[in-house]
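# Coordinates in review
Below are the chains, spelled out letter by letter.
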Amino acid sequence: MTPWLLPISLRYIWNEGNKHFQAGDIDKAIECYTNAIKTCKDKMLLGVIHRNRSACYLKKENYAQAASDASRAIDVNASDIKALYRRCQAYEKLGKLDMAFKDVQRCATIEPKNKTFLETLRRLGAEIQQKLKTTFSTDSRVQNMFDILLEEEADKEKKEKAANNLIVLAREDAGAERIFQNNGMSLLIQLIDTGKPEMVLAAIRTLSGMCTGHKARATAIIYFVGIDKLCSIMATDNEEIAVATCNLFQCVYDSLTGGDKRVYGKEESLVLDSTKDLKTILLALLDMIVNKNVSGHGRDQALNLLSKNVPRKDKKDQDHSKTLFTIDHGLKKILKVCGQVPDLPNQLPMTDNTQLIASILLNKLYDDLRCDPERDNFRDICDEYIKNKFDPNNMDKNIHAINALSGLLQGPFEVGNILAGRQGVMEMMVALCGSEREVDQLVAVEALIHASSKMSRASFIITNGVSLLKDIYKKTKNEKIKIRALVGLCKLGSAGGDDYSMRQFAEGSTEKLAKQCRKWLCNPSIDVRTRKWAIEGLAYLTNDADVKDDFVEDEPAMRAMFELSKSTDKTILYAVACTLVNCTNSYDKKEIIPELVQLAQFSKQHVPEQHPKDKKDFVAKRVKRLLKAGVISALTCMVKADSSILTDQTKEMLARVFLALAEDAKDRGTIVAQGGGKALIPLALEGTEAGKIRASHALAKIAAISNPDIAFPGERIYEVVRPLVSLLNTERDGLQNYEALMGLTNLAALNDKLRVKIIKEKALPEIENYMFEEHEQIRQAATECMCNLVVCKEVQERYMEDGNDKLKLLVLLCSEDDEKLQRAAAGALAMLTAAQKKLCTKLTLVTVQWMEILQRLCLHDNLQVQHRGLVIVYNMLNADSELAKKLIESEILEILSVIGKQEDNPSKQEVIDVARSCLVKAMDLGLIKPFS
């Protein structure tokens, strides 16, 4: 049945599908063809519709579906050459080269003179030969590597090389499969059983490479190696091995929960249901965190895995069963970790970061709950745990309970706050403060500090606990307790934030507290854990502008803080980030509307006051001092911290600081030189929405004026595109739009791969929209960006499509008064008309003013604009003889003659040469006679 003999409704759907496909609206085309398949009864026609839909799926890069549809078309007509070639293309993209080769072989048999089929046949044949050669050589290489690693006599350097080669091979799908097929699993277990750290590390990293994104191999690793064995490896007191095993667990988990995007086909049945395995892993990790035989590094990694994989990544997802399961089976275990007091005997091995990671996990679990009964259950379990620990006859149990409460106050504060208000809890803290044991005082003072994190609680402690903290500060001779008591006072003293009129303490008191904090911070004889509290104090006190100014004047104190931020104790990161946000004034500020201030004053309401030293010029001076002291190297080091410690809130604060530091264009070179450009990329891709926007804006500021190859070396440059594109949004402000466009312009000028990346990130429609923008600078930046993108074939095709004003807009922009805008628009037209001759004719149809605009370009005072205008004329002369005749019969000939007759002049030789080339072309076409 031919299309015109179809029922009217089916013919309409068919035609609509074809129209949508030709217009590039692939999703609509698929929808139409799918509807046609549902209603069509004719077998031959169904084959044609499936063939058309196969072409759509190829465009969408859904190769499995494209192959399936093409196969259905071939089932109807085995000689359908279009369907055969489309299935060949799909199979090639899916890596099934042998099947792709068979299909194109049939195509070449049906049409033996078709150059496309013959070229594809030759190319696939060469690729298959190379693959076979690689496979045979890989088998021998794999065996050779294992022989070296298991040989006792082999020298260390040789073994290291073999281990590294094995890891690299495992990251490639073909290499991983060869290792798996060549008895690799049992050989890797032998490597682990040697117990030698370098061998264990090589084996674990190889297993990670093998199972990444491959459900079948991940399942095999669980059954060959075993979850218990993996846990015992992660439990070893070797940070490198613990991190590598954590990464292996993550790879296995990702593969089992949908990270595997492969199409298995008939092999799907070989991959077992993974639900039971995931539950077993979860229970094993919960057991690990309270196991005394697990090292501190192992415990950290177990908590990290729980933190990353249990709470939902997307709150729209309705399934939070993993969180509920973890709360039921592991909440008390996490609280046990929070309650550990390292100074007491028989405690779990921990690192400096363990308890903070546990607090972060508690916070994530609580945030993931969906209703009040679930939150009540969480609070009840925590309440019961802490209540059961209180014992008037056992002080160790009491401080365990208070420390667990501290963990909650650092995590889900709402829960900790409620429990701190329970009868007897605050009294216990006060009693512990008066204890003779140092450890009791330390735990109690820290709990008081954490309890005063919110304004309401701070008010309670100001009236009830300030005198207690002052007494401790004055009477104790122990520096550890003294500094913590001081931090408590600092925290309470900053309860008014940056509001100058709401100082809690007398004038000058906060400066004295800050001076003492700086003194302790600079004292290397005090241990890192104690000096950390000095930064905690400054994090609160730097709300005061006087303190900020004093701090940035004290370069040794700044350098001491930056050095501490690079230490192994990463619990310090939040306090350092807070201090830097305060010093750079990069926190959110409420807009002060004068009318509302007058109204508030009239009604005798409180009006926030800005400190004189919080004005722009003071902030700019502080930024310069921070840069001089080496803040960028500290920030780059902080960004590399473990993902569980570096919370989304901390990332947001770091992004705010980077944006404040990049405000002055003169400072951006310093940021790039010290690695700030690279550090910003992860901050722009992960974290809170506000944090990602600020990091993206900082990246845009750097990309707009720096050499991207230097600012973002290597493959990192491709990661910059997405953050910049995210700023091309109507919700972003004009400055963000402008600097993002400038950054993309810079990137698009570098190479084709970057231009393709920009297009793939769907930036084109947004850039085109900004070319209509009323704001001159934004419109100019968008046009410059498009000028660099038009060399891409995909962009050229958009300009060749009918039914849009893209080409008309470029022509009209050439007539604007802004020289930079004219230059960019004319440059884009020059490249488009050079690449696509059809556009030369189309250009004459978009507006009646085209000739006048072209003449203005050719007569322009700016040589760059003039050169582009003349290049457009040259392209049009080459495109069509009728068009060439029209140009030569106009005033263009006189303009070309005047320019072409000028004497050679190095300053405008390019312009003269193009004009002469135009005249020569006109002579070749017989439109003018040569000069006598």
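Residues numbered from 1 in each chain as written. Predicted model: local features only at pLDDT ≥ 70, side-chain atom pairs only at ≥ 80, totals over all residues. Heavy atoms only, no water.

A few words now on the overall build of the chain. Summing up its helical and strand segments, the chain has 54 helices and zero strands in all. Counting over 932 residues, the chain shows a buried share of 53%. Look at the contacts in the chain between residues 6 or more apart in sequence, and 68% of them connect residues 24 or more apart. By element, 50% of the accessible surface of the chain is carried by carbon and sulfur atoms, the whole surface being about 44700 Å². (Helix = DSSP H or I, 4+ residues; strand = E, 2+ residues; numbered from the N terminus. Buried < 20%, exposed > 50% of the residue type's maximum accessible area, 1.4 Å probe, protein only. Contact = heavy atoms within 4.5 Å. Areas by Shrake-Rupley, 256 points an atom, 1.4 Å probe, with all protein chains shown as cover.)

Quick look at the nonpolar core now. Core analysis: the largest hydrophobic core is formed by 271 residues, its most contacted members being F378, L521, L635, F658 and Y799. Top contributing element to this core by residue count: helix α14 (residues 239-259), with 10 residues. Those residues within four positions of F658 in sequence are excluded, and the remaining contacts are I632, L635, V639, I671, G676, A679, L680, L683 and A698. Y33, L45, I74 and A100 belong to the second largest nonpolar core, which has 34 residues in total. (Core = buried A, V, L, I, M, F, W, Y, C linked by side-chain atoms within 4.5 Å.)

To continue, consider the side chain of Q250. Tracing the sequence through the fold places Q250 in helix α14. With sequence-adjacent residues up to four places away left out, Q250 is seen in contact with L305, K308 and N309.

Our next topic: empty space enclosed by the protein. By the definition in use, this model includes three cavities of 30 Å³ or more. Taken as a whole, the second largest cavity spans an internal volume of roughly 60 Å³. In terms of lining residues, the second largest cavity is bounded by F249, Y253, L278, I281, L282, L285, L305, L306, N309 and V310. The biggest single contributor to the lining of the second largest cavity is helix α15 (residues 275-288), with four residues. (1 Å grid on protein atoms, 1.4 Å probe; cavity = no way out; pocket = protein on both sides within 12 Å on 5 of 7 lines; lining within 4 Å. Points joined across faces, edges and corners; volume = space filled by probe spheres on them.)

Counted according to the given criterion, the structure contains 44 salt bridges. The partner of R422 in a salt bridge is D383, with the nearest N and O atoms 3.1 Å apart. Here R422, found in the loop between α21 (413-420) and α22 (425-433), pairs with D383, found in helix α19 (residues 372-389); they are 39 residues apart in sequence, far enough to count as distant. Here the salt bridges do not stand alone but share partners, grouping E92, R123 and E127 into one network. (Salt bridge = Lys/Arg side-chain N within 4 Å of Asp/Glu carboxyl O.)

Turning next to the packing of aromatic side chains. Using the criterion set out here, one finds two aromatic pairs in the structure. Arranged with centres 5.2 Å apart and planes meeting at 50 degrees, the rings of Y85 and F117 form a pair that is tilted. Here Y85 is found in helix α5 (residues 81-93), whereas its partner F117 is found in helix α7 (residues 115-150), with 32 residues between them in sequence. Note on Y85: relative accessible area 18%, which makes it buried. Judged by centre distance (5.1 Å) and plane angle (55 degrees), the ring pair of Y366 and F378 falls under tilted. Of the two residues, Y366 is situated in helix α18 (residues 354-367) and F378 in helix α19; the sequence distance between them amounts to 12 residues. (Phe/Tyr/Trp six-rings, centres within 6.5 Å; stacked < 30°, edge-to-face > 60°.)

Bringing a negative patch on the surface into the picture now. On the surface, a cluster of negative charge is made up of D155, E157, E160 and E198. Tracing the backbone through its elements, the reader meets E160 in helix α8 (residues 156-170). A relative accessible area of 42% places E160 in the partly exposed class. (Patch = residues over 30% accessible without salt bridge, like charges linked within 9 Å, V, L, I, M, F, W, Y side chains within 5 Å. Lys, Arg positive; Asp, Glu negative; His and termini not counted. Charge placed at Lys NZ, Arg CZ, Asp CG, Glu CD.)

What follows is about α15. Under the 1.5 Å per step criterion, the end-to-end length of α15 is 20 Å for 14 residues, consistent within 8% with the ideal 20 Å. Within the span of α15, buried status applies to D277, L278, I281, L282, A284, L285, L286 and M288. (Expected span 1.5 Å × (residues − 1).)

At a minimum axis distance of 11 Å, the contact between helix α28 (residues 528-541) and helix α30 (residues 555-565) shows a crossing angle of 125 degrees. The angle between the axes of α28 and α30 places the two elements in the oblique class. Here α28 and α30 pass one another in a crossing that is left-handed. Contacts between α28 and α30 involve V528, R531 and I535 from the former and A560, M561 and L564 from the latter. (Axes fitted to C-alpha atoms, helices over the stretch in contact; angles between N-to-C directions. Parallel < 35°, antiparallel > 145°, perpendicular 65-115°, else oblique. Left-handed = near helix turned anticlockwise from the far one by under 90°.)

The first and last C-alpha atoms of helix α48 (residues 819-835) sit 24 Å apart over 17 residues, in line with the 24 Å expected at 1.5 Å per residue. Every buried residue belonging to α48 is among L821, Q822, A824, A825, A826, G827, A828, L829, A830, L832 and T833, and all of these are buried. Those residues of α48 that are buried are in contact with α45 (776-789), α46 (793-800), α47 (806-813), α49 (838-846), α50 (850-858) and α51 (863-879). The N-terminus of α48 is capped by D818, whose side-chain oxygen sits 3.0 Å from the backbone nitrogen of K820. (Polar contact = N/O pair within 3.5 Å; in protein donor to acceptor, adjacent residues only side chain to side chain.)

For the rest of this paragraph, the subject is a positive patch on the surface. On the surface, K308, K313, K322 and K364 cluster together into a patch of positive charge. On the secondary structure map, K308 appears in helix α16 (residues 296-309).

In this structure, N346 is a non-glycine residue whose phi angle is positive, near 60 degrees. Tracing the backbone shows N346 in the loop between α17 (321-338) and α18. On the accessibility criterion, N346 (65% relative accessible area) is exposed.

This part is about the confidence of the model for the chain. Taken residue by residue, the chain gives an average pLDDT of 84. The fraction at 70 or more is 90%. Here residues 1-5 scores under 50 on pLDDT; set against residues more than four positions off or in separate chains, the count is six contacts. (pLDDT = per-residue confidence, 0-100.)

For the rest of this paragraph, the subject is the environment of K161. With respect to the secondary-structure elements, K161 resides in helix α8. For the pair K161 and M145, spaced 16 residues apart in sequence, the C-alpha separation works out to 8.9 Å.

Summed over the entire model, instances satisfying the criterion amount to zero disulfides. In this structure C32 is not part of a disulfide, and its nearest cysteine sulfur, from C56, lies 9.3 Å away. (Disulfide = S-S within 2.5 Å.)

A separate point is the packing of helix α53 (residues 892-900) against helix α54 (residues 909-924). Packing of α53 against α54 leaves a shortest axis separation of 8 Å and a crossing angle of 130 degrees. It follows that α53 is oblique to α54 by the angle criterion. Considering only the axes of α53 and α54, their crossing is left-handed. Packed against α53, whose contacting residues are L893, L896, S897, I899 and G900, the element α54 presents V911, I912, A915, R916, C918 and L919 at the interface. A per-class count over the contact of α53 with α54 returns eight nonpolar, two polar and one charged. (Nonpolar A, V, L, I, M, F, W, Y, C, P; charged D, E, K, R; others polar.)

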